[in-house]
Every structure is written in structure tokens, then in C-alpha cells.
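# Summary of the model geometry
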Amino acid sequence: MPQMGESIAEGTLSRWLKKVGDEVKRDEPIFEISTDKVDAEIPAPSAGVLAEILVTEGQTVPVQTIVARLETEKGAAVAAAAPAGAPAAAAPSAASPAAASPAASAGSAPAAAGARGAAGPQRAAAAGNGNTLEERVRTRSSPLVRKIAAEHGLEISAMQGSGIAGRVTKRDILQFIESGAAAPAAAGAPARPAPSMHAPGGVDQHGPLPEAWPGDVVEPMSKMRALISEHMVASRRTSAHVTSFFEVDLTRVARIRAKQRAAFEASTGQKLTYLPFIIKAAVDGLKKFPVVNASVAGTDVIYRKQINVGIAVALDWGLIVPVIRNADDLSLSGLTRTLNDLAARARAKKLSPSEVQNGTFTITNPGVFGSLMGTPIINQPQVAIMGLGAIEKRPKVVTGADGEDTIAIRTCAYFSLSFDHRIIDGAVADEFLAHVKRQLETFPESGF
């Protein structure tokens, strides 16, 4: 299981693309994974034959767990697998994502044996003192697991997980929450109410969980859907959400786009949409109002020097937000190329974890589906997200050169800005949107 980003401690093997006995080429996708940050296809580290699968589809394991073994030379002996009865998750943490050679596999065996030998005496120590290796490993779960536990009032040390030495994994804690079981109470502590995804930790549920009726179809959430659900609820609890709306006249942008579109697409092979114009205007607004490009750390405000714009991309199986890094350094052409490339690779599951991390501001575009306006939820730890409504022609009252008002057909859209009222005041948010509006309505042809 590869380390897909510094903050990621585990991954779910969502699908095998090859089966035992299949020949694979070097860098050929061999399995798919889902993590906190991204869904991705993982390539084979070398050419060979898939000799053994150790982690099954749907299983969540710590990073560096051996998930399969490759026989890299035809006729070569495959390294011995882990001892019978040993769980796949207990594979040595020093192993590579897939053991690329018998030597690599064999070399990991002593480490595993040493770990088992070292853990043995510790397990014999008195339980409950919090000092045994098993207890320390179990409570040293990933930051995400600890965050979920804190939000739902759960005590990790009182839970038995499926990870190494009983380590509680994200899958364990989500299954525990979904089961509706009561949180394990610490000794002498009063019992807490059952956790709810619809109320802050410690607050009673709004009502009983729904039950399936005859004929209903019940399916577990996909890994991505569960993560989206978790992140959205956490964001609503974290930020003081407020949303402002502006109507923006995009007639000038539409004319520039129509004039330049054919030549641009012929020279670059890229489609020219409205979105790069909007990104450029938003970037200019972020420079003028840096608090919109900030984050909150307790009672401190972090003003980001980088302007990394995340663009929400709808997928058939969920939603992902690839990030245009240093967007302020890119021209309109550069923004178009980067945007189209990220969107295409997002749909093909070709994004790397770094390409969906460290965004400082997000733009979502539900208008492509016909939505007029919306109130998007902030993408933590950011403090603002801009939503774009459908771009359409509308009758508008405009003032002519002679000062007379007339009705004209204009290309318009509603823009929304959901912002964190903890650090962004309504006046600042409206000034930011007014600046974006002004930039687009006076967009210079030279800016192309």
C-alpha cells in the first residue's frame, strides 16, 4: 500500500485490475486504491506474473503493507508468504507496495518475526496501564481516526481494531459509528449518547435511524462517498457558513471568447470555456483580499502566500477537487491547459495525491448542470468557496450612450460565495465578489 501523501496513514484496496497468474508489464495499472485524498490506479513496480494477492478488495490496511507478490522472472520461486493465520494488515511496514522480487519478499520476513517476538512479552504485561506496546500502538492511530473519535466522543483505547496490534483503523471506527453502538465509556465516566452524523458530538440524535422497508435496496457507501459525507459534516461543524450572491454580466467575456475561440483551439488543441476567465478574475480578487485565501488555526489566522485554486470535478462515482497550484503565475492559456489536464486525469483516475492537496480557495461549477445558484460547503481548511450558476442569456435593463435605459439581451450568471464568518466579514466577502464581477465585466482583450 503506497504512501499517498504525508498525512495518509492507510488506504482501501478498492479493486484488483489483474488476477493471480496474469502477466503484468512494468508501470501497468495493477490495482485501484481509495484514500482520504484521492482515488488512484497503482502501477506494477516491475514486469512479471502476479503470483499472490494478500489484500482483498474492500480491505483497508496501513501504508507500506504488502498487498501482493510479483514473480519477476518466469520460473523463479515465489517468496514464501506470511505464516498461516497472520493477518494481511500485520505485514511489515518496511515492505514496498508490491514485493517486486523474491529477495525483497524474503528480506521482510525477519523484520516481521522480530516484531512478533518483541510484541510477545509486552502482551503479557498487565492490561489497562496504558504502557504496553499493544495499547500504545492502538491509541497511536492516524490523525483522521483520532479526529473522528473526538467528534463522536469515542475512546480509541477502549476499542479493539483490525490493524497491527489491534490498531484502530478508519474502517473500524466508521463501522462502529454506523453500527449505532454506544461509545465505550472510560472507567467511571458517564455514558455518552450514541453518535450521530447529523449533530455535533455529545448532542442527541435528531431522530431514530431509518429502517429499510420491504423492496428497498440497501447498499453501503463507497469509500469516496463516505469520505465526502464525513468531510461535509465536519466542515459545517467547523466554519460559520454564510453565503452571498451576485449577478455577473459575462457578455464581454462571451464576445472575447467567441472571437478568440477558433484560433485558440486550433493552436493549442484545448477547449476554451468560461472557467479560465473566472479563475483569473478570482485570483486577482484573492490578491486584493488575502483573508479570503487564508485558513484558521485556533485563534490564529494563516494568510497563505500561495494561491492554489481547487476546481470541483464531478465524477460518475463522486466528487474530487484537483488543485491548480500557483494559479497567479499562469496566463489565461496556462490556466486553460492546466484546468483541462487536471479534469481529464481526474476522470481517468490518474491524479497523484499532491494534485488534490494544499488548495487555498475552491471554485465549484454546478451551473453546467443547469443550476442557477447554490450555497456550497467550504472545503476545509479553506475559508471560502465560490459557486457558479448557469450561464445564460437574459433580458436586462442597460443604459445607452445617450443616457436612456433600454432592454438588451445579456449573457449573465449568478455567482455565490460561501465564506467562514469567523474571519471574513460580510462586507469583505461582498467586496471580493464585487471585484470579481468588475474584473469580468471589464475584462481586457489584451488579458487573453
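Residues numbered from 1 in each chain as written. Predicted model: local features only at pLDDT ≥ 70, side-chain atom pairs only at ≥ 80, totals over all residues. Heavy atoms only, no water.

What follows concerns the overall build of the protein. A count of helical and extended segments in the protein gives 9 helices and 18 strands. When burial is assessed residue by residue, the protein has 42% of its 448 residues classed as buried. If you take every contact in the protein between residues at least 6 apart in sequence, the share linking residues at least 24 apart comes to 63%. (Helix = DSSP H or I, 4+ residues; strand = E, 2+ residues; numbered from the N terminus. Buried < 20%, exposed > 50% of the residue type's maximum accessible area, 1.4 Å probe, protein only. Contact = heavy atoms within 4.5 Å.)

The 4 strands lie next to each other as E4-E3-E1-E6, forming an open sheet whose pairing is antiparallel. A single partner strand is all that each edge strand has here, and the edge strands are strand E4 (39-43) and strand E6 (59-62). Neighbour to neighbour, the strand axes of the sheet diverge by 40° on average, direction disregarded. The sheet contact formed by strand E1 (residues 10-16) and E6 spans 4 bridges and is antiparallel. (Pairing = 2+ DSSP bridges. Axes fitted to C-alpha atoms, helices over the stretch in contact; angles between N-to-C directions.)

A few words now on the pairing of strand E15 (residues 361-364). Here E15 shows no split at all, with Phe361 and Ile363 on one side and Thr362 and Thr364 on the other all buried. Relative to E15, strand E11 (residues 309-311) runs parallel, the two being bridged by 3 bridges. Directly across from Gly310, in E15, lies its bridge partner Thr362. In this sheet, strand E16 (residues 384-388) lies alongside E15 in parallel orientation, the contact comprising 3 bridges. Within E16, the position partnered with Thr364 by the bridge is Gly387.

In this section: the side chain of Gln382. Of note, Gln382 is situated in the loop between E15 and E16. Judged by its relative accessible area of 4%, Gln382 falls in the buried class. A distance of 3.3 Å separates the side chain of Gln382 from the backbone oxygen of Gly359, its partner in a polar contact. Apart from residues lying up to four places away in sequence, Gln382 is in contact with Ala294, Ser295, Gly359, Thr360, Phe361 and Thr362. (Polar contact = N/O pair within 3.5 Å; in protein donor to acceptor, adjacent residues only side chain to side chain.)

For the rest of this paragraph, the subject is unusual backbone geometry. Cis rather than trans, the peptide bond between Gln380 and Pro381 has omega equal to 5°. Within the secondary structure, Pro381 is located in the loop between E15 and E16.

Right, let's talk about the sheet that holds strand E5 (residues 48-53) for a bit. Strand order across the open sheet formed by 3 strands is E2-E5-E7, with antiparallel pairing between neighbours. Two strands in the sheet have a free side with no partner beyond their single neighbour: strand E2 (23-24) and strand E7 (68-71). Relative to E5, E2 runs antiparallel, the two being bridged by 2 bridges. Among the inter-strand pairings, Val24 is bridged to a residue of E5, identified as Gly48.

Turning our attention to the packing of helix H7 (residues 275-288) against helix H9 (residues 426-441). Close contact between H7 and H9 brings their axes to 9 Å; oriented N to C, the two are set at 135°. Here H9 runs oblique to H7, going by the angle between their axes. Judged by the sense of rotation from one axis to the other, the crossing of H7 with H9 is right-handed. From H7, Phe277, Ile278, Ala281, Ala282, Asp284, Gly285, Leu286 and Lys288 reach across to H9, where they touch Phe432, His435, Val436, Gln439 and Leu440. (Parallel < 35°, antiparallel > 145°, perpendicular 65-115°, else oblique. Left-handed = near helix turned anticlockwise from the far one by under 90°.)

Attention now goes to H7. Counting along an α-helix, one turn takes 3.6 residues, and residues three or four places apart therefore face a common direction. Taking 1.5 Å per residue, 14 residues should reach 20 Å; H7 reaches 20 Å between its end C-alpha atoms and fits that length. The element H7 is extensively covered by neighbouring structure, given that 10 of its 14 residues are classed as buried. (Expected span 1.5 Å × (residues − 1).)

Residue placement: Cys412 occurs in strand E18 (residues 405-420). Exposure remark for Cys412: the relative accessible area of 1% places this residue in the buried category. A C-alpha to C-alpha distance of 5.6 Å links Cys412 and Glu392, two positions 20 residues apart in sequence. Cys412 has contacts with Glu247, Val248, Asp249, Leu250, Ala390, Ile391, Glu392, Arg394 and Lys396, leaving out every residue within four places of it along the chain.

The predicted model of the protein has a mean per-residue pLDDT of 79, with 75% of residues at 70 or higher. Across the protein, element-level confidence peaks in E16 with a mean pLDDT of 98 and bottoms out in helix H1 (residues 102-123) with 36. Low pLDDT, under 50, characterises residues 75-134; the stretch is placed with 73 contacts to residues that sit more than four places away or in other chains. Under a pLDDT of 50 for its full length, residues 182-205 has, in the predicted model, 39 contacts with residues more than four places off or in other chains. (pLDDT = per-residue confidence, 0-100.)

A few words now on the side chain of Arg394. Secondary-structure assignment places Arg394 in strand E17 (residues 392-399). Overall, the relative accessible area of 10% leaves Arg394 in the buried class. Within the structure, the side chain of Arg394 is placed 3.1 Å from the side chain of Glu392, a separation counted as a polar contact. Beyond its immediate stretch of four places on either side in the chain, Arg394 contacts Glu247, Leu372, Ala408, Ile409, Arg410, Cys412, Ala413 and Tyr414.

With that settled, the discussion passes to the packing of aromatic side chains. Tallied over the full model, the rule gives 3 aromatic pairs. Note on Trp16 and Phe31: the rings are 5.1 Å apart at their centroids and 55° apart in plane angle, and the pair reads as tilted. Here Phe31 lies in strand E3 (residues 29-34) and Trp16 lies in strand E1, a separation of 15 residues in the sequence. Both residues of the pair, Trp16 and Phe31, belong to the buried class. (Phe/Tyr/Trp six-rings, centres within 6.5 Å; stacked < 30°, edge-to-face > 60°.)

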